[in-house]
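The primary structure of each chain is shown beneath.
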Amino acid sequence: MMTMIPILETPLGRLYEADCVTVMKSLETETVDLAFADPPFNLGKEYTSGINDDLSEDRYLDWCQAWLLEMVRVLKPGGSLFLWNLPKWNLPLGSMLREHLTFRHWITVDIKYSLPIPQRLYPSNYSLLYFVKGARPAIFHPDRIPTPCCRHCGGELRDYGGYKSKMNPLGVNLSDVWTDIPPVRHAKYKRRGANALALKLMDRVVSMASDPGSLVLDPFGGSGTTYAAAELTGRRWIGSELDCSAIVERFDRLEDDRSHLKEIHQNKNTLFTETDLARRRKSGKPLPKEYRIPQPTAADCGCSSLDDQSDFFAAG
Ligand SMILES: C[S@@+](CC[C@H](N)C(=O)[O-])C[C@H]1O[C@@H](n2cnc3c(N)ncnc32)[C@H](O)[C@@H]1O
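Described in the following lines is the structure provided in the data block. Everything numeric here is computed off the predicted structure, so don't read it as measured data.

## Looking at unusual backbone geometry
In this structure, glutamine 119 is a non-glycine residue whose phi angle is positive, near 65°. Among the structural elements, glutamine 119 can be located in the loop between β5 (102–110) and β6 (125–132). The exposed category is assigned to glutamine 119, whose relative accessible area is 83%. Residue arginine 292 is not a glycine yet carries a positive backbone phi of 60°.

The structure is reproduced here in structure tokens:
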């Protein structure tokens, strides 16, 4: 194994400015708990790293196979591999991965990614393939998510009828269709071109398939979203990228990601977000008591006294 010098080292991670296959070849077999990849999609985009993103289909798939096999090799038994790509590419790549790993899920992530194309359906989903090495994952704790509510009044979009008391106060089960991943548009969080993934997406993947102290690998660093999610949640990480400038800059200002992640964490593993509860309060829509949501203290809800909340948590 050759020794490589990282361009960035943190208490938990190492980033190499080098080709991902070379970097992965320097890693020991079966040492990684979670491997995630978001490669270029071969759409003819310009990357600051100057890669050719316009290969023939066969060459693109051969290239993908070369780094995927390295990801498979370094994955521990029970480790998880996630592959983010267009459905067009994840179809053949998933079929190839099935020869080495166990298929768990094809997660559909609802994000519009281009303009409508004449004579075609409007492309509006990315594919996130989820495989494990061996029969089952060693680590699996999916987030629970809030129930969808009206952006204006905070009322539930789904009617749970008489089942409200059966709802888990920690939120609804995560499904394999994710409709709550925002495009990265906000100037504060947009690190570079259109390629950065949302921190919310990477936090979800990292917390589902790794624990603090686990080792996370992402061969295609881009703006470093995976590494930020790993670093801020106590995972060890290894990354590679041909042009690491955006990642180095991001880690210089990691406090921005820390505060963004705090917001993300406040809005998961809860049946109603604070924002939706505030909207309900404003629009006078009391939250039915059957939901078994723990009552906030006066300090939590900014009320001057606990009596002020009686309207908010109405009797059934
Ligand atoms: C789609 S972007 C990844 C974006 C990343 N997930 C994020 O959230 O910022 C793909 C990245 O792979 C990098 N890349 C392409 N070929 C590579 C290679 N052979 N080794 C390492 N990185 C490579 C490109 O420079 C590009 O930044």
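## Side note on the site of the ligand
Taken together, 23 residues are adjacent to the ligand, and Asp38, Ser49, Ser223, Thr225 and Glu241 come closest. Here cysteine 20 contributes a backbone N or O atom positioned 2.9 Å from a nitrogen atom of the ligand. At 2.7 Å, a side-chain N or O of serine 49 approaches an oxygen atom of the ligand. For the ligand, whose free accessible area comes to 610 Å², the fraction covered by protein is 98%. Of the residues contributing to the shell around the ligand, the split by class is 12 nonpolar, seven polar and four charged.

## Quick word on the sheet that holds strand β1 (residues 8–9)
The mixed open sheet is built from nine strands, whose spatial order is β1-β2-β11-β10-β3-β4-β6-β5-β9. At either end of the open sheet lies a strand with only one pairing partner, and these are β1 and β9 (177–178). Pairing geometry for β5 and β9, over two bridges, is parallel. When the bridges of β9 are listed, valine 109 appears paired with tryptophan 178. Along the sheet, helix α2 (residues 57–74) makes contact with β3 (32–37), β4 (75–85) and β10 (215–218), crossing β4 at roughly 150°.

## Thoughts on the pairing of β6
Of all eight residues in β6, seven are buried, a share of seventy percent or more. By the bridge criterion, six bridges tie β4 to β6 in an arrangement that is antiparallel. When the sheet's bridge partners are listed, tryptophan 84 is paired in β6 with leucine 128. Two elements, β5 and β6, share eight bridges in a ladder whose sense is antiparallel. For isoleucine 107, the partnering residue across the bridge sits in β6 and is leucine 128.

## A look at the pattern of salt bridges
Tallied over the entire structure, the rule returns 14 salt bridges. The residue glutamate 70 makes a salt bridge to lysine 25 at a minimum N-O spacing of 3.5 Å. Of the two residues, glutamate 70 sits in helix α2 while lysine 25 sits in helix α1 (residues 20–25), which places them 45 residues apart along the sequence. Classification of glutamate 70 by relative accessible area gives buried; the value is 10%. A single network of salt bridges, built from pairs that share partners, joins Lys25, Glu70 and Arg73.

## So, the packing of aromatic side chains
Using the criterion set out here, one finds 13 aromatic pairs in the structure. On the numbers, 6.0 Å between centres and 40° between planes, the contact of tyrosine 60 with tryptophan 63 is tilted. Pair noted here: tyrosine 60 and tryptophan 63 are both in helix α2, with a separation of three residues, about one helical turn. With a relative accessible area of 28%, tryptophan 63 lands in the partly exposed category. Taken together, Tyr60, Trp63, Trp67, Trp89 and Phe220 form an aromatic cluster joined through their ring pairs. Directly above the aromatic system of tyrosine 122 lies the positively charged group of lysine 112, at a separation of 5.6 Å from the ring centroid. Lying across the ring of tryptophan 178, arginine 204 places its NZ or CZ 4.9 Å from the centre.

## Describing the packing of helix α4 (residues 199–209) against helix α7 (residues 254–266)
Any two packed helices are characterised by how steeply their axes cross, that is the angle between the axes, and by the distance between the axes. Where α4 meets α7, the axes come as close as 10 Å, and the angle between the chain directions of the two elements is 70°. Between α4 and α7, the crossing angle belongs to the class labelled roughly perpendicular. Read as a crossing pair, α4 and α7 show a hand that is right-handed. Here α4 contributes Leu199, Lys200 and Asp203 to the contact with α7, which in turn contributes Asp257, His260, Leu261, Ile264 and His265. Grouping the amino acids of the contact of α4 with α7 by side-chain chemistry returns three nonpolar, two polar and three charged.

## Side note on the packing of helix α5 (residues 225–232) against α7
The contact between α5 and α7 brings their axes to 10 Å, and the two run at 70°. Classified by the interaxial angle, the pair formed by α5 and α7 is roughly perpendicular. The residues of α7 that touch α5, namely those facing Ala228, Glu231 and Leu232, are Leu254, Asp257, Arg258 and Leu261. For the contact of α5 with α7, a count of residues per class yields four nonpolar, no polar and three charged.

Each value, and the rule that gives it
- Residues numbered from 1 in each chain as written.
- Predicted model: local features only at pLDDT ≥ 70, side-chain atom pairs only at ≥ 80, totals over all residues.
- Heavy atoms only, no water.
- Helix = DSSP H or I, 4+ residues; strand = E, 2+ residues; numbered from the N terminus.
- Buried < 20%, exposed > 50% of the residue type's maximum accessible area, 1.4 Å probe, protein only.
- Near = heavy atom within 4 Å.
- Polar contact = N/O pair within 3.5 Å; in protein donor to acceptor, adjacent residues only side chain to side chain.
- Areas by Shrake-Rupley, 256 points an atom, 1.4 Å probe, with all protein chains shown as cover.
- Nonpolar A, V, L, I, M, F, W, Y, C, P; charged D, E, K, R; others polar.
- Pairing = 2+ DSSP bridges.
- Contact = heavy atoms within 4.5 Å.
- Axes fitted to C-alpha atoms, helices over the stretch in contact; angles between N-to-C directions.
- Salt bridge = Lys/Arg side-chain N within 4 Å of Asp/Glu carboxyl O.
- Phe/Tyr/Trp six-rings, centres within 6.5 Å; stacked < 30°, edge-to-face > 60°.
- Lys NZ or Arg CZ within 6 Å of the ring centre and 35° of its normal.
- Parallel < 35°, antiparallel > 145°, perpendicular 65-115°, else oblique.
- Left-handed = near helix turned anticlockwise from the far one by under 90°.

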